[in-house]
Amino acid sequence: MQQPKEKYSLWTAIAMILGIVIGSGIFFKGDNILVYTEGNILYGVLVFVIGAIAIIFGGLSIGELAARTNLPGGLVTYANTFIGHRIGCIFGWFQIFIYFPTLVAVVSWVVGIYMSILFGWKTTLEGQILIGFGFFTFTFLLNTFSARLGGYFQTTATVIKLIPLFLIAVLGLIFGDPAMAIPKEAVESVQSFSWLMAIGPIAFSYDGWIVSTSISHEIKNAKVNLPRALTIAPIFVLITYVLYFVGISVLVGPDRVVEMGDAHVYYAAEQIAGYWGAKAILIFIIVSVMGTVNGLVLGYIRLPYSLALLQMFPYAEIVQKIHPKYETPVYAALIAFVISVIWTIIHYITQKFNLLPNSDVSEISVAITYVLLAVLYIKVIQMYKRKEIIGKIRGIFNPIMAILGSGIVLLGGMQNPLFVYYAFFCILVMIGAVIYYQRTIQNQK
């Protein structure tokens, strides 16, 4: 069985998590969060903290499984190894056909949005989508034919993206009005709990941390370094998000953020650094969003390969081949690219006809993902009961909190008007996975 060499360090694993999580949602979901909280910054912060439960304790719990195997596949392998082959196939098909490509499509579109703002292009939705398509095509080529360059780009983009985040956070608190964070009507507005609907965009802002598990077999000393990365990165993300959200909200003003939508980031940068300074900050932001796309692609192209190794994907003998020169699964990358193109078209249709108001196709994917993750968290509890995991904190408290976090994310996702239809489609994909697996087993017999 061919496997890529171990070439990524602990820092690359941390950078991958930070690079995917930070740099997309936080920049273009801030206005969505304030829409749901009716401009209340305090409740926005509260929802950020609540949403962090899923990522922090989820990372700690998945880290228990990651420490016990270095086989390729990430979540797919964890489900396959610790629960069963059918569940592993379900995880894999969901990630390949729904989760990863929806994120690639949406975040690439964000690249198109900010590129248009940077250069002052009066682009339509079609123009933004085309720019995004061009960029994710480039990242697929980069990570397929030069894995090391893809890793270097990921690390560099992570460092760059922290610059505008902390700059806006610090200067926003200095030159803005911190009193906005605690409005006088806070007591009255909390009674409606309508602000909990902000969990949807919050979940998107936090999502991506689990993608790092897809390169676990290529991380040096993965059994030690991956759990460390899954612990360190989420806590850093929470602190960074809260500081940035408060900083930009008090600088621009919550009402202005809601009114301007995605353009509020550029407006804040212009307030801080003037016209040319704003251009420079926006370039940093664009690079950071590009880093998110790169990280997603870096993980995505390995999933069809991982499933093929387990004979859970069509034409497995071809898909699992590693190119001798590029040391990457080229056929798997091609499959991932084609599926991403299809979801880009679907995303375009939903945005063009406003089928998902104040949302997009990826938010529901994220919510369903956390339902699947809960299955792994339950397995951690079972392993504790069998004394395979020592300590009540690691074996009981962490996974229970992770399950609670998953429930919160699901609750937020269910507020989407198309959730039922989307969930039904996800179930069909999962059923397809089980049927394919059953037929594969029968043929082997």
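Computed from a predicted structure; not experimentally measured.

Analysis parameters
- Residues numbered from 1 in each chain as written.
- Predicted model: local features only at pLDDT ≥ 70, side-chain atom pairs only at ≥ 80, totals over all residues.
- Heavy atoms only, no water.
- Axes fitted to C-alpha atoms, helices over the stretch in contact; angles between N-to-C directions.
- Helix = DSSP H or I, 4+ residues; strand = E, 2+ residues; numbered from the N terminus.
- Parallel < 35°, antiparallel > 145°, perpendicular 65-115°, else oblique.
- Left-handed = near helix turned anticlockwise from the far one by under 90°.
- Contact = heavy atoms within 4.5 Å.
- Expected span 1.5 Å × (residues − 1).
- Buried < 20%, exposed > 50% of the residue type's maximum accessible area, 1.4 Å probe, protein only.
- Salt bridge = Lys/Arg side-chain N within 4 Å of Asp/Glu carboxyl O.
- Phe/Tyr/Trp six-rings, centres within 6.5 Å; stacked < 30°, edge-to-face > 60°.
- Lys NZ or Arg CZ within 6 Å of the ring centre and 35° of its normal.
- Nonpolar A, V, L, I, M, F, W, Y, C, P; charged D, E, K, R; others polar.
- Bend = angle between axes of the 7 residues up to and from the residue.
- Core = buried A, V, L, I, M, F, W, Y, C linked by side-chain atoms within 4.5 Å.

Attention now goes to the packing of helix 6 (residues 85-119) against helix 17 (residues 361-385). Following both chains from N to C, one finds helix 6 and helix 17 inclined at 150°, their axes separated by 9 Å at the closest point. By the criterion of interaxial angle, the relationship of helix 6 to helix 17 is roughly antiparallel. Helix 17 is crossed by helix 6, and the crossing has left-handed handedness. In this structure, helix 6 uses Ile-90, Phe-91, Phe-94, Ile-98, Tyr-99, Thr-102, Leu-103 and Val-106 to contact helix 17, whose residues at the interface are Val-361, Ser-362, Ser-365, Val-366, Ile-368, Thr-369, Leu-372, Leu-373 and Leu-376.

A few words on helix 17. End to end, helix 17 covers 38 Å across 25 residues, agreeing with the expected 36 Å (1.5 Å per residue, within 8%). Within helix 17, 19 of the 25 residues are buried, which leaves the element mostly enclosed by the surrounding structure.

As enumerated under the stated definition, the model contains five salt bridges in all. A salt bridge links Glu-126 to Lys-352, with the shortest nitrogen-to-oxygen separation between them at 2.9 Å. Remark: Lys-352 occurs in helix 16 (residues 330-352) and Glu-126 occurs in helix 7 (residues 125-145); sequence separation between them is 226 residues. Classification of Glu-126 by relative accessible area gives partly exposed; the value is 28%. Shared partners join several salt bridges into a network, and the residues in it are Glu-64, Arg-68 and Arg-394.

Per the stated rule, a full pass over the model turns up 20 aromatic pairs. Both rings, one in Phe-97 and one in Phe-313, keep their centres 6.1 Å apart while their planes meet at 15°; by these two values the pair is stacked. Placement of the pair is Phe-97 in helix 6 and Phe-313 in the loop between helix 14 (303-309) and helix 15 (316-319), with a sequence separation of 216 residues. Note on Phe-97: relative accessible area 27%, which makes it partly exposed. Accessibility expressed as a relative area gives 6% for Phe-313, which makes it buried. Chaining the aromatic ring pairs together yields one cluster made of Tyr-99, Phe-100, Phe-133, Phe-136, Phe-140, Tyr-300 and Phe-337. Positioned above the aromatic ring of Tyr-267, the side-chain terminus of Arg-256 is 4.9 Å from the ring centre.

This part covers the packing of helix 4 (residues 41-66) against helix 5 (residues 75-82). Relative to each other, helix 4 and helix 5 sit at 65°, their axes nearing to 10 Å. By crossing handedness, the relation of helix 4 to helix 5 is classed as left-handed. Of the residues in helix 5, those touching helix 4 at Ile-62, Leu-65 and Ala-66 are Leu-75, Tyr-78 and Phe-82. The class makeup of the residues in the contact of helix 4 with helix 5 is six nonpolar, no polar and no charged.

In a regular helix each residue adds 1.5 Å, so 35 residues correspond to 51 Å; helix 6 covers 50 Å between its end C-alpha atoms and thus fits that length. Roughly 50° is the biggest bend found in helix 6, and it falls at Gln-95. Within helix 6, 29 of the 35 residues are buried, which leaves the element mostly enclosed by the surrounding structure. Note on helix 6: the residue one or two positions beyond its end, Gly-120, has a positive phi of about 70°.

In this section: the nonpolar core. Membership of the largest hydrophobic core comes to 139 residues, with the highest contact counts inside it found for Ile-62 and Trp-209. Sequence-distant contacts of Trp-209, that is, excluding residues within four places in its chain, are made with Ile-17, Val-21, Ala-54, Ile-55, Gly-58, Gly-59, Ile-62, Leu-230, Tyr-370, Leu-373 and Tyr-377.

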